[in-house]
Amino acid sequence: MGQFQAGGFLVSSNGHAVAEETELSENVYSMNDYADTASLLEQDIRAGPSNQSGLRFISGIICKSKVLRFERMLFRATRGNMLFNQAPADEEIMDPVTAEMVEKTIFVVFFSGEQARTKILKICEAFGANCYPVSEDLTKQRQIIREVLSRLSELEATLDAGIRHRNKALTSIGFHLTKWMNMVRREKAVYDTLNMLNFDVTKKCLVGEGWCPIFAKAQIQEVLQRATFDSNSQVGTIFHVMDSMESPPTYFRTNRFTNAFQEIVDAYGVARYQEANPAVYAVITFPFLFAVMFGDWGHGICLLLGALVLIARERKLGNQKLGSFMEMLFGGRYVLLLMSLFSIYCGLIYNEFFSVPYHIFGGSAYRCRDTTCSDAYTAGLVKYREPYPFGVDPSWRGSRSELPFLNSLKMKMSILLGVTQMNLGIILSYFDARFFGSSLDIRYQFVPQLIFLNSLFGYLSLLIIIKWCTGSQADLYHVMIYMFLSPTDDLGENELFWGQRPLQILLLLLATVAVPWMLFPKPFILRKLHTERFQGRTYGILGTSEMDLEVEPDSARQHHEDFNFSEIFVHQMIHSIEFVLGAVSNTASYLRLWALSLAHSELSTVFYEKVLLLAWGYDNLVIRLVGLAVFAFATAFILLMMETLSAFLHALRLHWVEFQNKFYHGDGYKFRPFSFALINDEED
C-alpha cells in the first residue's frame, strides 16, 4: 500500500503518523488558551496567514527525552521571542522512522516573523520532531479530527480484512499441509530409490540390486507382476535371486510385545547376520533380574497398574504426539508389565509388601523359646514345625539376625543367577560356532571357557547349594581363598563332602590349563591353514573375471586381506585375558543384585517405620496426614521412579556386559526396507 494524501495532510499507510496527528490535534485543541489567533501551516508544514499581531505557531510531536534540550535550543535561537507549551501523550506512540514504541510529548511553539519560523523548522528537523499542520479554527479542527478518525477506521478495516484473508488462507493450507508434506516425502523417497538403480546395456530398462527376506520372495514377485500389469508396461519385471559376497542385513520379525526387548538389544549393537539373538532370552531374564533388585509385591502392584493403564490406552496413545519421556514409557509398556509381574513374584519370595511381611502362605515356622516370652522380636525364637511354604518366613523381619540372614541369602542367590546366565552365554557361543561351521571356536574357545568358568565359580555355586541342602556351617570364603593359596591343606570343619580336596586340586589344574588352551592353539592353527591354502593343499573358491571387474576399491567385495599372524595372536591374547579377568569381575558384578535389593528393602523400611509409623504414633490428625503425604511422596518418587530407573539400568548393564559379551558380536546392520510408513515415522 502506498501513501494517502488529501487536504494537505500526509498520512502513512501504517497509521503511525495518523495516530500522532490525532493526538496532536486533540492536545492543540485543548491548548488554545495560549493563543487567540493563528494560521494554518502551508503545504506540508506551512504557517497560515497571520492576523493583525502577526502571531504564528508550529505544532508537532517529539520524543520526551529531547524536550528540555529542544526547548532550550528554541529559546536561544529566537532570543526568547517565542512561547513554548507542551503536554505528554496519553500512551506510547510508534515512531514512524524507527518503528519503535517511545514516549512522546506534544508541543506548540508560538512566534512572530519569517526568520523565526525558518529557525524553528530547522531545529525541529535537527531534533527529529514530527510537525503537523493544525488549524486554530475550532470548526476546521473538528473536521480534521473527523477526517483522521475516518481514515484510521478505513485502515483498520483494511488491515482486519487482510488478516482475515490471511488466516483463512493459512487455515486452508494447514488443512492440506500434512497431506502435501507426506506426498513430497514419498516422492523424494521414490526418486532417491530410483537414483540407486542403473541402466542396462540397452538403456531401456533399470536394474537394481537389493536385499529382501526369504519368506517375502513370493510376495515381492506377485507385487512386481501386478505393478507391471497396472502400468501397462511392455517389458515385464524380472526378479532374479543372485549371490553376493556382502554380509546381508539383519532382520527380526517382532510384534508389539517383543519389539521393546529387541530395541534394548539393538541399542548395544545389531546382531550379525544369522547370529543368535539375545532378545529371545532377554524377554524373561531382563524383567526377572530387574525384579530381583526391586522385589516388593506392593511396589510391583503399583507398576502393574501403570503398565495396565498404558496398555488399555494403547490405541489412543499410539496416535498421539507424546513427549520424549512419555514416548519411551509407552514404547516399553510390555517391558514394564513383565517387570511388574516378576516384581510381585520376587516380592512374594522376599515377603515384602511396602517392606511389611505378611503370613500369606500360612503361619510362621518359629515361635517363642518358652511360654513366658512376650516379645518375639527381642527374645530368642525356636523352630517348631516345617519351614514356611513359600518365600522368606515373616518372623525374620525385625529379629536380631534379620540382616545377616537376608544378606547371606541374597548374596548367594546373586552368584547363582550370575553363573547360570554366564554359562547360558557361553553355551549360546557354541550354537553360534556350530551354525557357522567354526570347529576351531568350539574346540579352542567354547570348551576352555566353559571349563575355566565352572572350575572356579561353577564350583562355588555347587558349594552354595550343598551348604543350603546340608545346613553346614562351613566358611565358603575360607574354602575359596585357600583353594588357591593352599590347595593341599586339610579342609577341617570346612569340608562339605567326601573327596572335596582332590576335586579342588583337579578343578584348579583344569582352570590353569584352560588359559593357554584359549590363547595359543587357535592363532597357530589359523596360520597353518592359511599356509596350506596357498601351497595348493587346500583349494578355495576362485572368483571370476566378471566379479573382479565389478569389485570397487572400497566395496565389501574385496579380496581377503593377507593373513597377519601377529594381529591374530594379539587379538586372541586380548580375548583370552578379557575372559579370564571378566570371569572374576562379571561374577562380582552380579552382586549388584544383592546390593540393590538390600538398598530397596532398607529404604522401604525406613520410610515405613520412620515416617508413616512415627506420624501415626501421634494422636493428631494433621501430623498423621502430613506423615501419610510424605510417605506417599517418597514411595512414588523415590521407590517407584528413582529405584525403578536404577534397577532398570543395572539390569541393562548385566545383559549388555556380563551376558552378551560371551557370544554376541553385535557388528551387523539393520534391514531397512523401502516403506512409506517408515518414512513417516522417521520424520515424526
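Residues numbered from 1 in each chain as written. Predicted model: local features only at pLDDT ≥ 70, side-chain atom pairs only at ≥ 80, totals over all residues. Heavy atoms only, no water.

- As named in an unreviewed UniProt entry, the protein is V-type proton ATPase subunit a, taken from Citrus sinensis.
- The Sequence similarities (unreviewed entry) comment attached to the protein in UniProt states, word for word, "Belongs to the V-ATPase 116 kDa subunit family."
- According to its UniProt record, the protein has this under Subcellular location (unreviewed entry): "Membrane". (UniProt positions renumbered as here; feature names shortened; annotations may be inferred.)

1. Describing the overall build of the protein
Phase 1 of the analysis: Counting secondary structure elements, the protein contains 21 helices and 12 strands.
Phase 2 of the analysis: A total of 684 residues make up the protein; the buried ones form 37% of that total.
Phase 3 of the analysis: In the protein, 72% of the contacts between residues at least 6 apart in sequence involve partners at least 24 apart.
Phase 4 of the analysis: Just so you have it, the protein exposes about 41700 Å², and 60% of that area is on carbon and sulfur atoms. (Helix = DSSP H or I, 4+ residues; strand = E, 2+ residues; numbered from the N terminus. Buried < 20%, exposed > 50% of the residue type's maximum accessible area, 1.4 Å probe, protein only. Contact = heavy atoms within 4.5 Å. Areas by Shrake-Rupley, 256 points an atom, 1.4 Å probe, with all protein chains shown as cover.)

2. Looking at the packing of aromatic side chains
Phase 1 of the analysis: Taken as a whole, this structure holds 34 aromatic pairs when the rule is applied.
Phase 2 of the analysis: Arranged with centres 5.3 Å apart and planes meeting at 85°, the rings of F435 and F436 form a pair that is edge-to-face.
Phase 3 of the analysis: You can call F436 partly exposed: its relative accessible area is 42%.
Phase 4 of the analysis: Put simply, the rings of Y268, W656, F659, F663 and Y664 pair up and form one aromatic cluster.
Phase 5 of the analysis: Over the ring of F215 we find R253; its NZ or CZ atom is 3.9 Å from the centre of that ring. (Phe/Tyr/Trp six-rings, centres within 6.5 Å; stacked < 30°, edge-to-face > 60°. Lys NZ or Arg CZ within 6 Å of the ring centre and 35° of its normal.)

3. Side note on the nonpolar core
Phase 1 of the analysis: Counting 75 residues, the largest nonpolar core has F286 and F452 as the members making the most contacts within it.
Phase 2 of the analysis: The leading source of residues in this core is helix α13 (residues 439-470), at 11 residues.
Phase 3 of the analysis: Apart from residues no more than four positions distant in its own chain, F286 is found in contact with I264, V335, M339, F648, A651, L652 and H655.
Phase 4 of the analysis: Residues I62, F70, A116 and C124 belong to the second largest nonpolar core, which totals 17 residues. (Core = buried A, V, L, I, M, F, W, Y, C linked by side-chain atoms within 4.5 Å.)

4. Considerations on the pattern of salt bridges
Phase 1 of the analysis: As enumerated under the stated definition, the model contains 12 salt bridges in all.
Phase 2 of the analysis: The salt bridge involving E314 is made with R256; its shortest N-O contact spans 2.3 Å. Within this pair, whereas E314 is found in helix α9 (residues 314-318), its partner R256 is found in the loop between α5 (217-230) and α6 (259-268), the two being separated by 58 residues in sequence.
Phase 3 of the analysis: Given a relative accessible area of 10%, E314 falls into the buried group.
Phase 4 of the analysis: For R256, a relative accessible area of 56% gives the class exposed.
Phase 5 of the analysis: Note that K670 and D266 form a salt bridge whose closest N and O atoms lie 3.7 Å from each other. With K670 in the loop between α20 (621-659) and α21 (676-683) and D266 in helix α6, this pair connects stretches of sequence that are 404 residues apart.
Phase 6 of the analysis: By sharing partners, the salt bridges in this structure join R56, E114 and R117 into a single network. (Salt bridge = Lys/Arg side-chain N within 4 Å of Asp/Glu carboxyl O.)

5. Side note on the packing of helix α12 (residues 402-435) against α20
Two numbers describe a pair of packed helices, the interaxial angle and the distance between the axes.
Phase 1 of the analysis: It is at 10 Å that the axes of α12 and α20 come closest, and there the two elements cross at 45°. When the axis of α12 is compared with that of α20, the two are oblique. The element α12 and its partner α20 pack so that their crossing is right-handed. Between α12 and α20, the contacting residues are Q421, M422, L424, G425 and L428 on the first element and H655, E658 and F659 on the second. (Axes fitted to C-alpha atoms, helices over the stretch in contact; angles between N-to-C directions. Parallel < 35°, antiparallel > 145°, perpendicular 65-115°, else oblique. Left-handed = near helix turned anticlockwise from the far one by under 90°.)

6. Digging into a nonpolar patch on the surface
Phase 1 of the analysis: On the surface, F325, M326, M328, L329, F633, F637, M641 and M642 cluster together into a nonpolar patch covering about 830 Å² of accessible area.
Phase 2 of the analysis: Going through the elements one at a time, α10 (324-331) and α20 are the ones with two or more residues in the nonpolar patch.
Phase 3 of the analysis: Among the structural elements, M641 can be located in helix α20.
Phase 4 of the analysis: A relative accessible area of 44% means that M641 is categorised as partly exposed. (Patch = residues over 30% accessible without salt bridge, like charges linked within 9 Å, V, L, I, M, F, W, Y side chains within 5 Å.)

7. A closer look at unusual backbone geometry
Phase 1 of the analysis: Of note in the backbone geometry, Q274 takes a positive phi value of approximately 65° without being a glycine.
Phase 2 of the analysis: Structurally, Q274 is set in the loop between α6 and α7 (279-294).
Phase 3 of the analysis: In this structure, F354 takes a positive phi of about 55° despite not being glycine.
Phase 4 of the analysis: In this fold, F354 is placed in the loop between α11 (333-350) and β11 (366-368).

8. Some words on the sheet that holds strand β4 (residues 83-88)
Phase 1 of the analysis: Pairing is antiparallel across the open sheet formed by four strands, whose spatial order is β4-β7-β3-β8. Two strands in the sheet have a free side with no partner beyond their single neighbour: β4 and β8 (130-131).
Phase 2 of the analysis: Both β4 and strand β7 (residues 104-112) contribute to a ladder of six bridges, which runs antiparallel. Residue pairing in the sheet places Q86 in a bridge with F107 of β7.
Phase 3 of the analysis: In the packing of helix α2 (residues 67-77) onto the sheet, the strands contacted are β3 (55-63), β4 and β7, and the crossing angle to β4 comes to about 170°. (Pairing = 2+ DSSP bridges.)

9. Topic: the confidence of the model for the protein
Phase 1 of the analysis: Of all residues in the protein, 86% have pLDDT values of 70 or greater, and the mean over the chain is 83.
Phase 2 of the analysis: Looking over the protein, one finds the lowest element-wise mean pLDDT in strand β2 (residues 9-11), namely 30, and the highest in α7, namely 96.
Phase 3 of the analysis: Within the model, the stretch residues 542-560 combines pLDDT values under 50 with 16 contacts to residues more than four positions away or in other chains. (pLDDT = per-residue confidence, 0-100.)

10. Describing the UniProt feature "transmembrane region" (unreviewed entry) in the protein
Phase 1 of the analysis: The sites that carry the UniProt feature "transmembrane region" (unreviewed entry) are, in the present numbering, residues 279-312, 333-350, 413-431, 451-468, 503-520 and 621-642.
Phase 2 of the analysis: When the span residues 451-468 is considered, its composition is 100% helix and 0% strand, and the gap between its end C-alpha atoms is 24 Å.

11. Notes on the state of the cysteines
Phase 1 of the analysis: Within the structure shown, the criterion is met by zero disulfides.
Phase 2 of the analysis: This cysteine, C131, is not joined by any disulfide, and C124 carries the nearest cysteine sulfur, 3.8 Å off. (Disulfide = S-S within 2.5 Å.)

12. Side note on α5
Phase 1 of the analysis: Its 14 residues place the ends of α5 20 Å apart at the C-alpha level, agreeing with the 20 Å of an ideal helix rising 1.5 Å per residue.
Phase 2 of the analysis: Directly after α5, the chain includes N232, whose backbone phi takes a positive value near 55°. (Expected span 1.5 Å × (residues − 1).)

13. Comments concerning the pairing of β7
Moving residue by residue along a regular strand, the side chains alternate between the two faces of the sheet.
Phase 1 of the analysis: Judged by how many residues are buried, β7 sits mostly within the fold: eight of nine residues are covered.
Phase 2 of the analysis: In this structure, β3 lies alongside β7, joined through nine bridges in antiparallel fashion. For I58, the partnering residue across the bridge sits in β7 and is V109.

14. Points about helix α3 (residues 114-126)
Phase 1 of the analysis: The terminal C-alpha atoms of α3, which comprises 13 residues, lie 19 Å apart, in line with the 18 Å expected from a rise of 1.5 Å per residue.
Phase 2 of the analysis: Within α3 the residues assigned to the buried category are A116, R117, I120, I123 and C124. One side of α3 holds all its buried residues, which, seen down the axis, span an arc of 130°. Residues of α3 that are exposed and point over 90 degrees away from its buried face: Q115, K122, E125 and A126.
Phase 3 of the analysis: For α3, the secondary structure elements touched by its buried residues are β3, α2, β7 and β8.
Phase 4 of the analysis: Of the residues flanking the end of α3, it is G128, one or two places downstream, whose phi is positive at about 70°. (Arc of directions from axis to C-beta.)

15. Examining the side chain of T635
Phase 1 of the analysis: Along the chain, the position of T635 falls in helix α20.
Phase 2 of the analysis: Those residues in contact with T635 that sit more than four places away from it in its chain are H299, F354 and L640.

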